[in-house]
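# Architecture and fold: a report
These are the residues of each chain, in order.
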Amino acid sequence: MALFGQPKNNKQETGFSVTPWEVTGQVDYERLVKEFGTELITDELLQRLVSLAGGSNHMLRRRIFFSHRDLNHVLDDYEAGRGFFLYTGRGPSGPMHIGHIIPFHFTKWLQERFSVNLYIQITDDEKFLEEKRGLTLEETRRWSYENILDIIAVGFDPDRTFIFQDVDFIGNMYPLAIRVARKVNFSWVRAVFGFDHQTNIGMIFYPAIQIVPALFERRRCLIPAAIDQDPYWRVQRDIAESLGYYKTAAIHSKFLMPLSGPEGKMSASQRETAIFLSDDAKSVRKKIWQAFSGGQPTVELHRKYGGNPDVDVAYQWLYYFFEEDDRKVEQLRQDYMSGKLLSGEMKEILIEKVVKFLERHQEAREEAREKYHLFTREGKLAQQMWETKFGLET
Ligand code: TYM
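Residues numbered from 1 in each chain as written. Predicted model: local features only at pLDDT ≥ 70, side-chain atom pairs only at ≥ 80, totals over all residues. Heavy atoms only, no water.

### What about the domain arrangement of the chain?
Entries for the chain in the domain assignment read domain 1 (7–259) and domain 2 (271–368). Between the C-alpha centres of domain 1 and domain 2 the distance comes to 28 Å. Facing the 24 residues of domain 1 at the interface are 31 residues of domain 2. Interface area for domain 1 against domain 2, summed over the two sides, is near 2700 Å², with a carbon-plus-sulfur share of 66%. Area buried by domain 1 at its contact with domain 2 is led by Arg62, Ile98 and Leu259, which between them contribute 33% of it. The interface formed by domain 1 and domain 2 includes four salt bridges. Put simply, Arg365 and Glu146 hold a salt bridge, and the shortest N to O gap is 2.8 Å. Remark: the boundary between domain 1 and domain 2 carries 17 residue pairs in polar contact (both at pLDDT 80 or more). (Domains from an automatic or database assignment. Contact = heavy atoms within 4.5 Å. Buried area = accessible area lost by both parts, 1.4 Å probe. Salt bridge = Lys/Arg side-chain N within 4 Å of Asp/Glu carboxyl O. Polar contact = N/O pair within 3.5 Å; in protein donor to acceptor, adjacent residues only side chain to side chain.)

### Thoughts on the site of the ligand
Tyr87, Arg90, Gly91, Asp228 and Leu256 are the nearest of the 25 residues found near the ligand. Measuring from an oxygen atom of the ligand, one finds a backbone N or O atom of Ala226 at 3.0 Å. Taking 690 Å² as the accessible area of the ligand by itself, protein coverage stands at 98%. Looking at the shell around the ligand, the elements that each hand over two or more residues are strand E5 (84–90), helix H6 (98–114), helix H7 (124–129) and strand E8 (220–226). Here the element with the most residues in the shell around the ligand is E5; it accounts for four residues. In the shell around the ligand, the residues fall into 10 nonpolar, nine polar and six charged. (Near = heavy atom within 4 Å. Areas by Shrake-Rupley, 256 points an atom, 1.4 Å probe, with all protein chains shown as cover. Helix = DSSP H or I, 4+ residues; strand = E, 2+ residues; numbered from the N terminus. Nonpolar A, V, L, I, M, F, W, Y, C, P; charged D, E, K, R; others polar.)

### Looking at the pattern of salt bridges
Working definition: two side chains of opposite charge can pair if their charged atoms are close together. Counted by the stated rule, this structure contains 27 salt bridges. A salt bridge links Asp76 to Arg48; the shortest N-O distance between them is 2.8 Å. Pair noted here: Asp76 is in helix H5 (residues 71–79) and Arg48 is in helix H3 (residues 43–53), with a separation of 28 residues, a long-range link. Assessed through its relative accessible area of 33%, Asp76 is described here as partly exposed. A salt bridge links Arg219 to Glu217; the nearest nitrogen and oxygen atoms lie 2.7 Å apart. The exposure class assigned to Glu217 is buried, which follows from its relative accessible area of 11%. (Buried < 20%, exposed > 50% of the residue type's maximum accessible area, 1.4 Å probe, protein only.)

### A look at the side chain of Thr161
With respect to the helices, strands and loops of the structure, Thr161 is situated in strand E7 (residues 161–165). Engagement of the side chain of Thr161 in a polar contact is seen with the backbone oxygen of Asp157, the distance being 2.7 Å. Aside from chain neighbours lying at most four places away, what touches Thr161 is Gln111, Leu118, Ile120, Phe156, Phe375 and Leu381.

### Section: the packing of aromatic side chains
Inspection of the entire model under this criterion finds 31 aromatic pairs. Ring centres 6.0 Å apart and planes at 90 degrees place the aromatic pair Tyr206 and Tyr232 in the edge-to-face group. Taken together, the residues span a long stretch of sequence, with Tyr206 in helix H11 (residues 201–211) and Tyr232 in helix H12 (residues 230–239) at a distance of 26 residues. The same class applies to Tyr206 as to Tyr232, namely buried. (Phe/Tyr/Trp six-rings, centres within 6.5 Å; stacked < 30°, edge-to-face > 60°.)

Here it is as structure tokens:
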């Protein structure tokens with residue numbers, strides 16, 4: 001019984017499908033941009049963003065963040081002194097993997113560069129309502145706490161960041177959520193999200209909840225996330241102005257490849273394809289050694305014909321996030337293609353980077369326990385948020 005997530009792009013035709021719940025096949029991102037109606041980030045827009053940010057970011061330069069909605073208007077607002085705010089989130093269905101934390105690192109970069117407020121929604125409700133996961137509410141709430149520690153470990157500004165769980169904060173959001181919900185009818189969310197007659201009514205209402213934080217301020221919101229979350233922003237943009245708010249802007253990333261190769265996305269529901277933030281050096285090494293590679297079957301053949309970096313997981317991860325230096329990453333690509341660099345050597349380079357990244361992360365996560373209340377209750381922005389009933393303030 002398909003409860004939700006009936007793919008909105010036709011997999012038979014395209015060979016891939018992207019929904020907020022599932023990614024299958026090898027994604028053709030240019031095609032997806034057309035289907036979703038978003039825009040590719042042009043060189044010109046990138047230059048403008050980098051110059052206003054006062055610095056570059058490797059994920060932008062490499063078009064890992066490759067698509068957007070209204071990013072140009074965000075920059076107009078920033079230049080005109082109106083400012084903007086950031087919003088992103090996490091569905092607490094279990095431990096976080098490396099793919100989940102990367103958008104948070106990019107978000108941190110944006111917050112640092114533009115000194116803006118950031119709202120982080122933890123959807124304990126959504127992951128409970130998604131029946132096929134079989135999680136109790138107690139479980140999604142426990143995972144919320146664990147995931148929030150990972151998110152705090154990224155290093156956001158405690159005075160400008162508010163992290164909230166829906167079930168706790170709903171009293172403040174509810175007036176606005178019902179204003180949103182009254183504007184969105186069933187046939188519309190059915191068309192956008194693929195709901196059907198078996199979908200529980202909690203899931204049908206849920207899009208209103210994910211839309212609300214994009215209306216927390218009366219200025220433009222910018223949402224950094226992978227492109228799978230875009231269907232929500234489409235609905236927000238259709239109704240925001242009629243409620244007196246800005247249409248949200250968004251900046252979309254591609255998916256970090258799973259360990260199994262270029263199909264689908266790294267996903268916690270396929271545990272063996274993911275590296276978790278809690279993994280130790282030994283299991284990182286073991287998993288990366290087993291990862292799909294673009295190399296030839298033997299060293300002789302590899303030296304002769306070279307490898308294919310486009311499908312090589314180790315290279316792709318270095319390119320996606322772990323090697324910030326453009327010259328180094330290009331050298332790796334060249335050496336791999338020429339056969340000079342073997343698949344095992346590429347993997348060793350990645351293992352070292354991932355192990356270092358996780359060591360630092362796990363240390364910061366321990367320190368995050370002390371900071372939990374700052375981000376959720378006691379920080380400047382958090383306090384302000386708990387005092388506001390959204391949708392009743394005007
Ligand atoms: P969730 O928990 O599925 O994903 C959290 C964030 O990680 C991104 N993501 C990935 N990015 C790169 N590579 C991957 N393999 C990968 N897998 C997931 C997601 O796009 C997301 O940015 N419903 C949401 C929670 C949410 C939210 C939001 C997310 C509520 N409000 C606002 C983004 C923005 C969810 O379940 O995300």
